Amino acid sequence: MDKKKNILFITWDAGNTSYLENLYIPLFAEIQKKKGYQFHVIQFTWAEKDVIQLRKEKAQSLGIELKMVSFTNTILSKFKIILKSRHILKSFIKQNSINYVMPRSYIPGLICLCSNIQFPLIYDADGLAYLEKKETGKSFLQLQFIRFIEWAIIKKSNLILTRTEYAINWYKEQYKSLQHKKFKVVPNGTDARIFFFSSELRAGMRKNLGLSENQSLFIYIGSIGAKYGLNQTLDYFDQFNSCYPGSRLLILSHFLEEINNMIPGKLKTHIDLLHVPHNDVNAYLNAADAGFCLLHPTESMKAVHPVKINEYLLAGLPVITNKFFSDLNFLKTNLNSLILSIEPNSTTDWVQNAHDLINNSDRKAISEDAMKNISLKCASNVYFCALKSIKK
């Protein structure tokens, strides 16, 4: 019987992200059930102590060893921790008999390069870091630095993971000598034990929210950066509410004060803001009639697989998204009845289409279809096959 392989996942994150505990740790735990792999995680972060403790507890409960490396959010502190990272990494690898190292994005990639890792490398290119930084106005020198790091880590990697075919094609165009067989598209998986549809849950939650049977409830979950399209969401909801008065929008986010300042006065009585634990989100999704995911139409966003789409669909919720966002290969069937793609600057047409979508959607069928394609179990199968393909 083959000896279990130890994989070290390395990530570098701000304090207000939650994908490690909500996405990666559950995914790694699911892969471990198949035998053959044991995951370990090092996270470099400036998160608060309570957040760090929450992540440690989640990892421990699922059988994942997690080492948190804390530092303050300053340039000097970040520089110092990168200098120290070589020792941190070498020591952890030796203590845990690591076989594969898996950096997520370019800063963990830089840490691996500085540490001269000699094990097989798995580069998790979640998104297109170079394009994303270019779109946010980084300087030429910063962009060239990112480009150099990515090229060096990609060239050295045995396996490169992306979320869309678009990302693979972009890398191939930029680095023409790359071997296509090193790339694998892997989906972001969501736990169907946490996100699911229940008609009883929907009825009870709508009653708690004071919604009538014919009252439309839209929902938006997530962050507030320009790329997430919250301003566009508010505009589209305003259009819908003008045609169907009494409609409501529920926003679930960590950034309630900032969002409240973004909402026009005329909409404040139609919009509810809440911050709820991750495991409670599903109840609100069940109560809703459609979910907004209006990604900003930039090139880098074509390389992402938004987790919120998973959560919406597993809860049986039809999705309203951008026309540009066409790389939905993680969904295999029934796209037309699940997704309403909005043309830029459209108004009345989208309102009628959204109304029809809400009234004609089969919530149970949407949820069942999603379970076949974007559940945690499905994602773990794809990852497992990708790991098995590594050529040492």
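A brief structural summary.

Cut-offs applied
Residues numbered from 1 in each chain as written. Predicted model: local features only at pLDDT ≥ 70, side-chain atom pairs only at ≥ 80, totals over all residues. Heavy atoms only, no water. Pairing = 2+ DSSP bridges. Helix = DSSP H or I, 4+ residues; strand = E, 2+ residues; numbered from the N terminus. Axes fitted to C-alpha atoms, helices over the stretch in contact; angles between N-to-C directions. Contact = heavy atoms within 4.5 Å. Left-handed = near helix turned anticlockwise from the far one by under 90°. Nonpolar A, V, L, I, M, F, W, Y, C, P; charged D, E, K, R; others polar. Polar contact = N/O pair within 3.5 Å; in protein donor to acceptor, adjacent residues only side chain to side chain. Phe/Tyr/Trp six-rings, centres within 6.5 Å; stacked < 30°, edge-to-face > 60°. Buried < 20%, exposed > 50% of the residue type's maximum accessible area, 1.4 Å probe, protein only.

## A word on the sheet that holds strand β3 (residues 65-70)
Part 1 of the reasoning: The four strands lie next to each other as β3-β2-β1-β4, forming an open sheet whose pairing is parallel. Since the sheet does not close on itself, it has two edges, and those belong to β3 and β4 (100-103), each with one partner. Strand-to-strand, the axes of this sheet are offset by a mean angle of 15°, without reference to chain direction.
Part 2 of the reasoning: Relative to strand β2 (residues 37-45), strand β1 (residues 5-13) runs parallel, the two sharing nine bridges. Opposite Asn 6, over in β2, you have Gln 38 as the bridge partner.
Part 3 of the reasoning: Those strands touched by helix α1 (residues 19-32) are β1, β2, β3 and β4, and its axis lies near 165° from that of β2.

## Digging into the packing of helix α4 (residues 106-115) against helix α6 (residues 140-156)
Part 1 of the reasoning: Running from amino to carboxyl end, α4 crosses α6 at an angle of 65°, the nearest separation of the two axes being 9 Å. The hand of the α4/α6 crossing is left-handed. Seen from α4, the contacting residues are Tyr 106, Gly 109, Leu 110, Cys 112 and Leu 113; seen from α6, they are Phe 145, Ile 146, Ile 149, Glu 150, Ala 152, Ile 153 and Lys 156.
Part 2 of the reasoning: Classifying every residue of the contact of α4 with α6 by side-chain character gives nine nonpolar, one polar and two charged.

## Considering the side chain of Thr 164
Part 1 of the reasoning: Relative to the assigned elements, Thr 164 resides in the loop between β6 (159-162) and α7 (165-174).
Part 2 of the reasoning: A distance of 3.1 Å separates a polar atom in the side chain of Thr 164 from the backbone oxygen of Lys 302.

## Points about the packing of aromatic side chains
For any pair of aromatic rings, the description consists of the separation of the ring centres together with the inter-plane angle of the planes.
Part 1 of the reasoning: Within this structure, the stated rule accounts for 21 aromatic pairs.
Part 2 of the reasoning: Pairing Trp 151 with Tyr 175 gives two aromatic rings, centres 4.9 Å apart and planes at 20°, and the pair type is stacked. Here Tyr 175 lies in the loop between α7 and β7 (183-185) and Trp 151 lies in helix α6, a separation of 24 residues in the sequence.
Part 3 of the reasoning: Summarising the aromatic geometry, the rings of Phe 240 and Trp 350 are spaced 6.1 Å apart at their centres and angled 45° between planes, so their arrangement reads as tilted. Taken as a pair, Phe 240 in helix α9 (residues 230-243) and Trp 350 in helix α14 (residues 348-360) lie far apart in primary sequence, 110 residues in all.
Part 4 of the reasoning: Exposure remark for Phe 240: the relative accessible area of 0% places this residue in the buried category.

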